[in-house]
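# Secondary and tertiary structure notes
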Amino acid sequence: QVHLEEAGGGLVQAGGSLRLSCAASGSTFSPNIMGWYRQAPGKQRELVATIYSGGRTNYTDSVKGRFTISRDNTKNTVYLQMNSLKPEDTAVYYCHALVIILTHNYNYWGQGTQVTVSS
C-alpha cells in the first residue's frame, strides 16, 4: 500500500506561481510513474503531467511551457512547478502513482489539493 501526501496548493493571482509536492511512502517499491491530475468543478479529472522513474515526462498541451514536473527518486517525491498560472488552472490537483509489480498495476491517489487562480 502506497500513501501519497500532497502539499503546496493555495490561492494565487493570475500570472503567479505555485509548487506542488507529493511524497510517496509505505511501499518498498518505488512508483514506476508519478504524476498530477486535476479536476475543475463540473469537469472530468484530466491528466496534467506525468514522469517516469527514468525521467521521461509528458504534459497536457494546455500546460506545456508553463508547468514543470520533476521527481526525486531518493525521496519518492514528485513536484509540479506551476508558473504563469491562469484562472482556468483552478482545480483540485491530485497526485497519482503507478506501481508495477510483475504483471500487476497498482494505482494510488492522493487526497487532492486545491489550487485557485484569481483573475
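Residues numbered from 1 in each chain as written. Predicted model: local features only at pLDDT ≥ 70, side-chain atom pairs only at ≥ 80, totals over all residues. Heavy atoms only, no water.

## Focus: the nonpolar core
- If you look at the biggest cluster of nonpolar residues, it comprises 27 residues, and the most contacted ones within it are Leu4, Met34, Trp36, Leu80, Met82 and Tyr93.
- Those elements giving two or more residues to this core turn out to be β3 (18-25), β4 (33-39), β5 (46-52), β7 (67-72), β8 (77-82), β9 (91-101) and β11 (113-118).
- In terms of residues, this core owes the most to one element, β9, which gives 5 residues. (Core = buried A, V, L, I, M, F, W, Y, C linked by side-chain atoms within 4.5 Å. Buried < 20%, exposed > 50% of the residue type's maximum accessible area, 1.4 Å probe, protein only. Helix = DSSP H or I, 4+ residues; strand = E, 2+ residues; numbered from the N terminus.)

## Section: the pattern of salt bridges
- Evaluated as defined, the whole model comprises 4 salt bridges.
- The partner of Arg38 in a salt bridge is Asp89, with the nearest N and O atoms 3.0 Å apart. Highlighted residues: Arg38 in strand β4 and Asp89 in the loop between β8 and β9, separated in sequence by 51 residues. A single burial state applies to Arg38 and to Asp89, both of which are buried.
- Across the pair Lys64 and Asp61 runs a salt bridge, and its minimum N-O distance is 3.0 Å.
- Of the residues examined, Asp61 reaches a relative accessible area of 61% and is grouped as exposed. (Salt bridge = Lys/Arg side-chain N within 4 Å of Asp/Glu carboxyl O.)

## Details of the state of the cysteines
- All told, the structure shown has 1 disulfide when counted by the stated rule.
- One disulfide in the model links Cys22 with Cys95; its S-S distance is 2.0 Å. One disulfide, between Cys22 and Cys95, carries an S-S torsion of -85° and so falls in the left-handed class. In this pair, Cys22 is assigned in strand β3 and Cys95 in strand β9, connecting sequence segments 73 residues apart. Judged on exposure class, the residue Cys22 and its partner Cys95 are both buried. (Disulfide = S-S within 2.5 Å.)

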